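Listed below, chain by chain, are the residues.
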Amino acid sequence: MKGKSKKCRARTKDLSSPKTALKEKEEQLRVVLDKIKEGITFSDENGRFYIYNAGMEKITGYTMSEANGSLDFARLIYPIRKDYDTAMSGVAELLKSGRSREVEVTITAKGGKARYVLVDSSLVKFNDKKMFLSTYHDITKQKNYEIELQNIYKELEERVEKRTELLKTSEEKFRTVVENIGTGISLISPEMEILTLNKKMREWFPDVNVKNRPICYKSFNNPPGENICAYCPVIKTFNDGETHLAITSTPRNDIFVRYKIISSPIKDSSGKVVAVIEMVDDVTEREMIFDDLARAHAELEKRVNERTGELLRANEHIQKLSDIKSDFVATVSHELRTPLAIIKTAVCLLIDEIVGKMKKKQTDILITAKDNIDRLTRLIDSLLDVSKIESGNIGLKKDKFDLIEAIKKSSESFEPKLAAKGLELKMNLQINKIEVYADPDRILQVFNNLIDNAVKFTEKGVIEISASLKNNFIECSVSDTGRGISSDNLPKIFNKFEQFGRPVGPGEKGIGLGLSIVKAIIELHDGQIWAESELGTGSKFTFRIPL
Amino acid sequence: MKKKRILVVDDEAQMVDLVKVLLDASGYEVLTALDGQEALEIAQTKMPNLIVLDVMLPKINGYKICRLLKYDKRYKHIPIIMFTARAQDKDEETGMEAGADFYLKKPYEPQVLLDKIKEYLDKSDEDKR
């Protein structure tokens, strides 16, 4: 175009003034054409350009002379077959119909850069020649936006598709879980219609067809009931919007099936319950185990009660036997005492020579008889004591008294025996009066028993009686220099009917009740008693009772 | 001095005989009874100075006789020595509650019986004066 304009200028120099005016017009046209953004060309059938404006230079990167200089400019700017064909088909169409047609093509500009262009060509008759007037509208920018938009759209679409797929999969998963779970699930409408059933529910209630909009309490109750179930947790959930639980008992195939029903609300945004999910578990087996457990428990309780009753009866029986024994011992004691009393009276009458003078020898024999009557009497007393201790009928008659006096009274009664054996009695009394609160007769009995034992098992030496006041108790002991008790026998010394080292020869013998009675008496006084002994050296019995 | 009159009550005839021997020898006039009813009649008609009274008696037992006499102002001054083989503490309590002056358990020391008879007779004489 530059070349042409030079030619024009060269020609215009040679022309006169009308030619100058034309030249001005041409210059104006050129300026106008170059100002237009679109590419504008005016070319002939052979592809030679007569007008090739600045806009076209910008779009293609080629000048007019370069365009005209190329053998086939179309091939140059449309190296891609598709674009060339599009452009050429446009030209062919134009030639054929004469109608202009806009085509979108991709131009490869100088330097290889692609440009998207809308080409609008029209056929113009000029000097009997077919000429082409074409405008090239660069839409590269828009096209790039469009492509970018398309890409974004495509990407978006892909993402949507992916998400949809994902949702579809997760919903499917969820549906599969709900469908196949071991819990029966149904959805109930506020009209109590069954909306959905999962597989488990269909299995349990094969006759229920959701399509018929069945009413739940008519469908699930078997045999079908007309009334709304009294226990129904679903109704409760519709009423208060809370989750509820119920365990039902439904007859099915001749057995009662226990269902655990949990009803949960589905609420709309306003909090209104629009449906209820009913989750149903067959707990028949579990409930049966509970029933069995309850039955076993009841049975056990019954047996425990029976056994307790038996024990109570046995206890009563034992108590009765014990009472009978006590009564028996008391009666026997009375019955034995009566003849003994007669014998003793008789013997004493003789000894005291109330019915006539006695020879010394006769008196001695009668005294032996009397001693043994007394011994038998003491034995009966001991048996009576043991019986009372065992039946718990021994009552203490507590009183304030002087313990020292009781010790003296007891030891005095042994003076004849001590003298007879040549034993020394030593009193080791810390103070001369100790007032205690105890049963005086029983405490005297304790001393009598302990001193009697000491005398019985000691052949020579000393019997020592001690009494001392400690913090809040009194400690008394009776010790001897007798034969002693072996360490094997010592722990058994307070047992009933235990006898160790029965003295040989003449002298009193017991039956082994004395120490067991002594121990019981001391313990009844909340005291303790113990024995220390060494074989061949002696024994010491000590007791404590609280003040 | 007039002999003191003592009523000895026991269902064991042999015991009664032996006690009679003992008391005779000590210079007492001895009346005897073998059952409760007889004892009560003699006590009421013969007015003894002292009664030695067994508990286990036919017809009326010793506790009841003791009570009947001790709650009757005509006889309540008569000392009563319970004389029994019922040796349990609760028996003695019953006896003392019935109003007995002394409770002597069998078998007994004859000397103790004599001592107690003398003691209560003396006391009775003192009360009269």
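Numbers given for residues are sequential positions, taken from 1 along each chain in its written order. Chains and ligands are labelled by the order in which they are written, letters from A for the one and numbers from 1 for the other. Owing to the predicted nature of the model, reporting of local features is limited to residues with pLDDT of at least 70; listing and counting of side-chain atom pairs is limited to 80 or more, with chain, interface and lining totals taken over all residues. Excluding hydrogens and water, the side-chain figures rest on all heavy atoms present in the structure.

## Digging into the overall build of chain B
Right, on to step 1. Counting its regular elements, chain B contains 5 helices and 5 strands.
Right, on to step 2. With 129 residues in all, chain B has 52% of them scored as buried.
Right, on to step 3. Taking contacts inside chain B between residues at least 6 apart in sequence as the whole, the part at least 24 apart equals 61%.
Right, on to step 4. Working note: accessible area of chain B is about 6,300 Å², and carbon and sulfur atoms make up 48% of it. Numbering of helices and strands runs from the N terminus; a helix is a DSSP stretch of H or I covering at least four residues, while a strand is a stretch of E covering at least two. With a 1.4 Å probe rolled over the protein chains alone, any residue whose accessible area is under 20% of its type maximum counts as buried; one over 50% counts as exposed, and the rest are partly exposed. By definition in these notes, contact holds between two residues if any of their heavy atoms fall within 4.5 Å. Accessible surface is estimated by sampling points in the Shrake-Rupley manner with a 1.4 Å probe; for residues, cover comes only from the protein chains shown.

## Examining the overall build of chain A
Right, on to step 1. Looking only at helices and strands, chain A has 16 helices and 17 strands in total.
Right, on to step 2. A burial count over chain A gives 36% of its 547 residues as buried.
Right, on to step 3. Long-range pairs, those at least 24 residues apart, make up 53% of the contacts in chain A between residues at least 6 apart in sequence.
Right, on to step 4. For chain A, the exposed surface amounts to about 34,000 Å²; the carbon and sulfur share of it is 54%.

## So, the confidence of the model for chain A
If pLDDT is low for a region, its predicted coordinates should not be looked at in detail.
Residue and element names in this part refer to chain A.
Right, on to step 1. On a range of 0 to 100, pLDDT expresses the predictor's confidence in each residue. On average, residues of chain A carry a pLDDT of 84, and 93% of them reach 70 or more.
Right, on to step 2. Per-element confidence in chain A is highest for strand β17 (residues 538-546), whose mean pLDDT is 92, and lowest for helix α1 (residues 2-14), whose mean pLDDT is 47.
Right, on to step 3. Across residues 1-12 the pLDDT falls below 50, and counting only partners more than four positions away or on other chains, this stretch makes 13 contacts in the model.

## Some words on the interface of chain A and chain B
Think of interface size as the accessible area that goes away when the parts come together; that is how it is often given.
Right, on to step 1. Tallying the contact residues gives 21 residues for chain A and 19 residues for chain B.
Right, on to step 2. Here the quantity called buried area is the total loss of accessible area, with a 1.4 Å probe, experienced by two parts when brought into contact, counted for both. Counting the surface chain A buries against chain B, the share from its top three residues, A:H334, A:I342 and A:T345, is 27%.
Right, on to step 3. Salt bridges are identified by distance alone: a Lys or Arg side-chain nitrogen within 4 Å of an Asp or Glu carboxyl oxygen. Put simply, chain A and chain B have 2 salt bridges between them.
Right, on to step 4. Polar contacts, as counted here, are pairs of nitrogen or oxygen atoms within 3.5 Å of one another; within protein the pair requires one atom able to donate a hydrogen and one able to accept it, and residues that are adjacent in sequence qualify only if both atoms are side-chain atoms. In this structure, the connection of chain A to chain B is made through 4 residue pairs in polar contact (both at pLDDT 80 or more).
Right, on to step 5. Where the side of chain A that touches chain B is concerned, the elements lending two or more residues are α11 (284-351) and α12 (360-391) of chain A.

## Quick notes on unusual backbone geometry
Right, on to step 1. Cis geometry is adopted by the peptide bond preceding B:P107, which originates at B:K106 and carries an omega value of -5°.
Right, on to step 2. Here B:P107 lies in the loop between β5 (102-105) and α5 (110-128).
Right, on to step 3. Notably, A:D128 is not glycine yet its phi reads approximately 65°, a positive angle.
Right, on to step 4. Note that A:D128 resides in the loop between β4 (114-126) and β5 (129-138).
Right, on to step 5. The class of A:D128 is exposed, set by a relative accessible area of 79%.
Right, on to step 6. We note that B:K59 has phi near 70°; this positive angle belongs to a residue other than glycine.
Right, on to step 7. Tracing the backbone through its elements, the reader meets B:K59 in the loop between β3 (50-53) and α3 (62-70).

## Topic: the nonpolar core
The tendency in soluble globular proteins is for nonpolar side chains to be buried as a group.
Right, on to step 1. Nine residue types can take part in a nonpolar core, namely buried Ala, Val, Leu, Ile, Met, Phe, Trp, Tyr and Cys, and a core is a set of them joined through side-chain atoms within 4.5 Å. In this structure, A:L403, A:F447, A:L450, A:F541 and A:F543 are the most contacted members of the largest nonpolar core, which totals 40 residues.
Right, on to step 2. Mapped by element, the contributors of at least two residues to this core are α13 (403-413), β13 (435-438), α15 (440-456), β14 (462-469), β15 (473-480), α16 (514-524), β16 (528-534) and β17 of chain A.
Right, on to step 3. Here this core gets 7 residues from one element, more than from any other, and that element is α15(A).
Right, on to step 4. Discounting chain neighbours no more than four positions away, the residues touching A:F447 are A:L403, A:I407, A:S410, A:D452, A:C476 and A:F543.
Right, on to step 5. Grouped together as the second largest cluster of nonpolar side chains are 24 residues, B:L57, B:I60, B:M82 and B:Y103 included.

## Examining the confidence of the model for chain B
Right, on to step 1. When pLDDT is averaged along chain B, the result is 92; 99% of the residues meet or exceed 70.
Right, on to step 2. For this predicted complex, the interface confidence score (ipTM) comes to 0.89, while the overall pTM stands at 0.50.

## What about the pairing of strand β10 (residues 273-282) of chain A?
Walk down a regular strand and you will see the side chains alternate between the two sheet faces.
Residues and elements named next belong to chain A.
Right, on to step 1. Two strands pair under a simple rule: DSSP has to find at least two bridges between them. As defined by bridge partners, strand β6 (residues 184-188) adjoins β10 across 5 bridges and the pair is classed as antiparallel. Across the sheet, residue G184 finds its bridge partner in β10, namely V280.
Right, on to step 2. The sheet contact formed by strand β9 (residues 255-267) and β10 spans 9 bridges and is antiparallel. Paired with S263 across the bridge in β10 is E278.
Right, on to step 3. What sits between the antiparallel neighbours β9 and β10 is a turn of 5 residues, in which G271 has the positive phi angle 95°.

## Things to note about the packing of α11(A) against helix α1 (residues 13-25) of chain B
Right, on to step 1. Structural elements are reduced to axes, namely lines fitted to C-alpha atoms, with helices fitted over the stretch in contact, and the angle between N-to-C directions of any two is expressed from 0 to 180 degrees. Interhelical geometry of α11(A) versus α1(B) gives an angle of 25° and a closest axis separation of 10 Å. In terms of their interaxial angle, α11(A) and α1(B) are classed as roughly parallel. Here α11(A) runs over α1(B); the crossing is left-handed. Along its contact with α11(A), which presents A:A341, A:I342, A:T345, A:A346 and A:L349, the element α1(B) presents B:Q14, B:M15, B:L18, B:V21 and B:L22.
Right, on to step 2. Within the contact of α11(A) with α1(B), the residues separate by chemical class into 8 nonpolar, 2 polar and no charged. For classification purposes, angles smaller than 35 degrees are called roughly parallel, those larger than 145 roughly antiparallel, those between 65 and 115 roughly perpendicular, and all remaining angles oblique. Here a crossing is taken to be left-handed if its near helix is turned anticlockwise relative to the far helix by less than a right angle, and right-handed if that turn runs clockwise. Following the grouping adopted for this structure description, the nonpolar residues are Ala, Val, Leu, Ile, Met, Phe, Trp, Tyr, Cys and Pro, the charged ones are Asp, Glu, Lys and Arg, and the polar ones are all others, Gly among them.

## What to know about the packing of α15(A) against α16(A)
Residue and element names in this part refer to chain A.
Right, on to step 1. It is at 10 Å that the axes of α15 and α16 come closest, and there the two elements cross at 145°. At the point where α15 passes α16, the crossing takes the left-handed sense. Packed against α15, whose contacting residues are R442, Q445, V446, N449, L450 and N453, the element α16 presents G514, L515, I517, V518, I521 and I522 at the interface.
Right, on to step 2. Class assignment for the residues of the contact of α15 with α16 results in 7 nonpolar, 4 polar and 1 charged.

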